[in-house]
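Single-letter residue listing:
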Amino acid sequence: MKRFWKPWGIILLVLGMAALAAAVKPASTQGRPDRPEGKDKTLSPYFVVLTGDPQKDLLPLKSTRAEVKIAGTVAAVKVTQVYQNQGQKPLEAIYVFPGSTRAAVHAMRMTVGERVIEAEIMEREKARQTYEEAKKEGKTTSLLEQQRPNVFQMNVANILPGEEVKVELNYLELLEPEENVYEFVFPTVVGPRYSNMAAAGAPETEKWVKNPYLHEGQGPPYTFGLSVDIRSGLPLSQLASPSHDIEVKYAGPAAATVSLKDEKTGGNKDFVLRYALTGDKIQGGMLLYPGKDENFFLLMMEPPARVSADAVVKREYIFIVDVSGSMHGFPLEISKTLMENIINGLKPHEFFNVLLFESNNAVLSESGSLAATEDNKRKAVGFIKEQPGGGGTQILAALNRALALPRTPDTSRIVVVATDGYVHVEPQTFELIREKLGEANLFAFGIGKSVNRHIIEGMARVGQGEPFILLNPQEAVKEAARFQKYIQSPVLTGIKVTYEGFDAYDVEPLNLPDLFSLRPLTLLGKYRGSPSGNIVVKGKTASGDFQQKIQVAEGQASPDNAALRLLWARKRINRVGDLTHLKRGRDEGAIKEITQLGLKYSLMTAYTSFVAVDKVKRADGQVVTVKQPLPLPEGVSDLAVGGHAPGAKYKMGPTASLARPPGPMALKEEVARPPTVVKEKPSRPAPGLKVAVQILGVKGKIDKSQLKQVLDAEAFRLAACCEDARKSGVRLAKEITLVFTIGPDGKVAGEILPKPPLASEALTQCLSQAVQGIAFPRPAKPVVVTVKLVLKDK
């Protein structure tokens, strides 16, 4: 067990924000891609342009709806997807959608007209073969596959013209409160995953990454509905959603029904519902399920109270911050605020370093961590704040470099990685952390309204830390303070569990990590014989040794606790799945165990799938295949797909180089860098000029406040152009006027005209490239903008 407070210990903090890109080819009848397919040789995202003609666009998903019933600590969820065919030929729809990382998907059914077909669970390859054969035979069929623990793919074939097909799936999820607050999350959209994997020869299990996306600001082309029915044993309090506008109807102090106010919007961000129980209680204790062949138990033990630690511990923080294209704008601003609050909260006796990454990475201090002086903290905050967000998301290279940074002697190290997690290398990331983390704890921060919770939670789990999810800027200050509280005063460490007179086995998890937050200790397992005896939990708090005994009794058993069977199986599958590591087929023993668990408990896994086949032949087997285009998550810009940063041209791929216009920092790639200490210097100093941007005139309709905000964010690039010109001997006027046209795509169309014309062609070209690289707000029609650049020495 790792102990972060030991002087040689390390705590790694991973701030979750890597919202990166993944791509898919549209069917020939489904809109048109923004770029030619021939140029797209990787599993990277692409945009689809809708024509507005349903005969051409063929958007198969009509609606998706979730019906949630929460009883005590278990949420039972039914998801209903309705597919339609507005074309002239039989259709095959492919829809990639998210799910909870803890979802135990245990049933699926398909409705065709009046016929309801229950799906069967099969080994993945057999289910796919059954689906393909039924599709070829002209039978309506559906296939549900797991691509990641939180990413599923639905295929529905032979949807006839003018017809609708309904598919339902059911899953269970265990809700564990934190700081006495329960949270239910229903993800609605899979963010674009960054990938530089070649499309040719890519494994079938990775091809889901290549999915079409709509442009920033375009809402889902389908409706999203949701209702939540809560039945608690204690009165509810503080019931609210930080993500959506909801309506709440109470059926008593311990019962409520929640619905969305608007089902036409909201399908592009996670639905989050939070509530507490009166008196800050939690629904803990012991639950037993005596099954036919196996008996199961669930222990949720209320944690001890947090005790403030008196000892002063020297800590070293390594902050790993994602500044890739998917982080541009809203997510990166949250991350900057979070990092500023954490860094400014460091104590004088502590040390820290910062690594920023996108396609490449850069370190604040290559020679080692810096003392947390006020001057060093200001430098670090400035280092982070000057990044606009752009490029790909090479998270593995960043982690490799960060974990090899020199350590400050006699300190407990804390590494913080900030990312939205939009990558598809989750197994490789977990493996890297296992191998190179050392004596450390890793905390992961997910930033954004629809982050990849699988990688955020997985990094924290592997690093024996805690995950954090920030939905909006208002949460940054609160979460920074919560993180510092966790580090300063963990709740319980060195946790050990023993059993007295209770024959428990196959208990999950195998080992309980140190408890930083106020959340219950949760154990799921099996038991033999009659339930009796005690479960003994031991550990250490800041005030000394801790021990608690939980009695096991026959009265805790009930057939109503049947969900424990599936929840245990899902927990075991997740743990064993972590051990399969890098690629399918590497650990045959783990694959066999997961497959057997999936078939025995009728659960979808990476190796078992649900398939439903209508026995009636209804078509000739010739279908038009359409991949359902997805909206970008709210707050995520087009850069998550295109990868280009404002004012910069990025080349995606493992050997990418940031060909930025003149700017204050150049990131140097470290993909294959050995762990040696090399002094890295910025390619140029920060510009000595400051540029203030004034909007003189706008011809057309555009959001002027957003326009000003974007221009202000990119002013440092314009300043860098002017600084380079001045250094080359160009005499600069105090003011430069630029005139340019913004097209409906948010990009500058045509020439950029300086007024009066500048004497330097190089300066004209540099300013033009900087402005042309900016992602502006999208007007309905072209808009002519006139701006003045006011130059001042810093």
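Residues numbered from 1 in each chain as written. Predicted model: local features only at pLDDT ≥ 70, side-chain atom pairs only at ≥ 80, totals over all residues. Heavy atoms only, no water.

Trainee: Residue-level account of the state of the cysteines, with values.
Mentor: Taken as a whole and judged by the stated rule, the model has 1 disulfide. The side chain of C721 participates in a disulfide bridge whose partner is C766; the two sulfur atoms lie 2.1 Å from each other. As the torsion about the S-S bond is roughly -70 degrees, the C721-C766 disulfide counts as left-handed. Taken as a pair, C721 in helix α13 (residues 715-727) and C766 in helix α14 (residues 761-772) lie far apart in primary sequence, 45 residues in all. We note that C721, like C766, is buried. (Disulfide = S-S within 2.5 Å. Helix = DSSP H or I, 4+ residues; strand = E, 2+ residues; numbered from the N terminus. Buried < 20%, exposed > 50% of the residue type's maximum accessible area, 1.4 Å probe, protein only.)

Trainee: Describe the pairing of strand β39 (residues 735-742), naming the residues involved and giving the relevant values.
Mentor: Counted residue by residue, β39 has 6 buried out of 8 residues, so it is predominantly covered. Note that β39 and strand β41 (residues 783-793) share 8 bridges and pair antiparallel. Bridging across to β41, I742 finds its partner in V783. Two elements, β39 and strand β40 (residues 748-755), share 5 bridges in a ladder whose sense is antiparallel. Bridge pairing links L738 to P754 in β40. What sits between β39 and β40 in their antiparallel hairpin is a turn of 5 residues, with G746 showing a positive phi close to 80 degrees. (Pairing = 2+ DSSP bridges.)

Trainee: Give me the nonpolar core: which residues, what numbers.
Mentor: Counting residues in each nonpolar core, the largest one holds 71 residues, and the members touching the most others are L144, F184 and F186. Those residues within four positions of F186 in sequence are excluded, and the remaining contacts are A66, V77, V79, Y171, F224, L226, D270 and F271. In terms of nonpolar packing, the next biggest core, distinct from the first, is built from 35 residues, L332, L338, A362 and V381 among them. (Core = buried A, V, L, I, M, F, W, Y, C linked by side-chain atoms within 4.5 Å. Contact = heavy atoms within 4.5 Å.)

Trainee: Account for the packing of aromatic side chains, with residues named and values stated.
Mentor: Taken as a whole and assessed by the stated rule, the structure comprises 21 aromatic pairs. Seen in terms of ring centroids, Y95 and F97 are 5.4 Å apart; in terms of plane orientation they differ by 25 degrees. Their pairing is stacked. A residue is classified by how much of its surface remains accessible, and Y95, at 2% relative accessible area, is buried. For F97, a relative accessible area of 6% translates into the label buried. Pairing F443 with F468 gives two aromatic rings, centres 6.5 Å apart and planes at 40 degrees, and the pair type is tilted. Taken together, the positions of F443 in strand β27 (residues 440-447) and F468 in strand β28 (residues 467-470) put the pair 25 residues apart, joining distant regions of the chain. A relative accessible area of 0% means that F443 is categorised as buried. (Phe/Tyr/Trp six-rings, centres within 6.5 Å; stacked < 30°, edge-to-face > 60°.)

Trainee: I'd like a rundown of the pattern of salt bridges, residues and numbers included.
Mentor: Summed over all chains, the structure comprises 51 salt bridges. Taken together, the salt bridges that share partners define one network made up of E294, D506, E508, K526, R572, R575, E593 and K600. (Salt bridge = Lys/Arg side-chain N within 4 Å of Asp/Glu carboxyl O.)

Trainee: Tell me what's going on with the environment of A762, and back it up with residues and numbers.
Mentor: Position of A762 relative to the elements: it lies in helix α14. For the pair A762 and A725, spaced 37 residues apart in the sequence, the C-alpha separation amounts to 7.6 Å.

Trainee: Any chance you could break down the environment of L239 for me, citing the residues and the numbers?
Mentor: Note that L239 resides in strand β16 (residues 236-240). Remark: the alpha-carbon pair of L239 and R274, spanning 35 residues in sequence, is separated by 5.8 Å. Not counting residues up to four positions away in its chain, the partners in contact with L239 are I230, V248, Y250, A256, V258, L273, R274 and Y275.

Trainee: Help me get a handle on the side chain of N155, residues and values and all.
Mentor: Looking at where N155 falls in the secondary structure, it is placed in strand β11 (residues 151-159). Within the local environment of N155, its side chain forms a polar contact with the side chain of Q153, the two groups lying 3.0 Å apart. Those residues within four positions of N155 in sequence are excluded, and the remaining contacts are E92, A93, I94, R128, Y131, T141, S142 and L143. (Polar contact = N/O pair within 3.5 Å; in protein donor to acceptor, adjacent residues only side chain to side chain.)

Trainee: So, the packing of helix α3 (residues 330-344) against helix α8 (residues 474-488): which residues are in play, and what are the values?
Mentor: One way to put it is that α3 packs onto α8 with a least axis distance of 9 Å and a crossing angle of 40 degrees. The angle between the axes of α3 and α8 places the two elements in the oblique class. Relative to α8, the crossing made by α3 is right-handed. Two secondary-structure elements touch here, α3 through I334, T337, L338, N341 and I342 and α8 through A476, V477, E479, A480, F483 and Q484. In the contact of α3 with α8, the residues fall into 7 nonpolar, 3 polar and 1 charged. (Axes fitted to C-alpha atoms, helices over the stretch in contact; angles between N-to-C directions. Parallel < 35°, antiparallel > 145°, perpendicular 65-115°, else oblique. Left-handed = near helix turned anticlockwise from the far one by under 90°. Nonpolar A, V, L, I, M, F, W, Y, C, P; charged D, E, K, R; others polar.)

Trainee: Go over the side chain of E316 with me, naming the residues and quoting the values.
Mentor: Counting through the fold element by element, E316 comes out in strand β22 (residues 315-322). The class for E316 is buried, based on a relative accessible area of 1%. Within the structure, the side chain of E316 is placed 2.7 Å from the side chain of R413, a separation counted as a polar contact. Excluding its chain neighbours within four sequence positions, the residues that come into contact with E316 are F351, S369, P406, R407, T408, T411, S412, R413 and I414.

Trainee: Account for helix α2 (residues 124-136), naming residues and giving values.
Mentor: The end-to-end C-alpha separation of α2 is 18 Å, in line with the 18 Å expected for 13 residues at 1.5 Å each. Residues of α2 that are buried include every one of R124, A127, Y131, A134 and K135, and no others. Buried residues of α2 fall within an arc of 100 degrees about the axis and therefore sit on the same side. Summarising the geometry of α2, the exposed residues directed more than 90 degrees from the buried face are E125, K126 and K136. Considering only its buried residues, α2 is in contact with β6 (91-98), β9 (120-123), β10 (139-148), β11 and β34 (608-617). Remark: G138 follows α2 within two positions and exhibits a positive phi of approximately 85 degrees. (Expected span 1.5 Å × (residues − 1). Arc of directions from axis to C-beta.)

Trainee: Can you explain the sheet that holds strand β32 (residues 534-541)? Please cite residues and give values.
Mentor: Pairing is antiparallel in the open sheet, where 3 strands are placed in the order β29-β32-β33. In this open sheet, the two strands that pair with only one neighbour each are β29 (493-500) and β33 (544-551). Between one strand axis and the next, the sheet turns through 15 degrees on average, direction left out of account. Taken together, the 8 bridges between β32 and β33 define a ladder with antiparallel strand orientation. The residue of β33 that forms the bridge with K540 is D545.

Trainee: Can you lay out the pairing of β11 for me, pointing to particular residues and giving the numbers?
Mentor: Where a strand is regular, its side chains alternate between the two sheet faces. The buried fraction of β11 is high, at 9 of 9 residues. With 7 bridges joining them, β6 and β11 adopt antiparallel strand pairing. Bridge pairing links L91 to I159 in β11. Relative to β11, β10 runs antiparallel, the two sharing 7 bridges. Paired with R148 across the two strands is V151, which belongs to β11. Adjacent in sequence and paired antiparallel, β10 and β11 are bridged by 2 residues.

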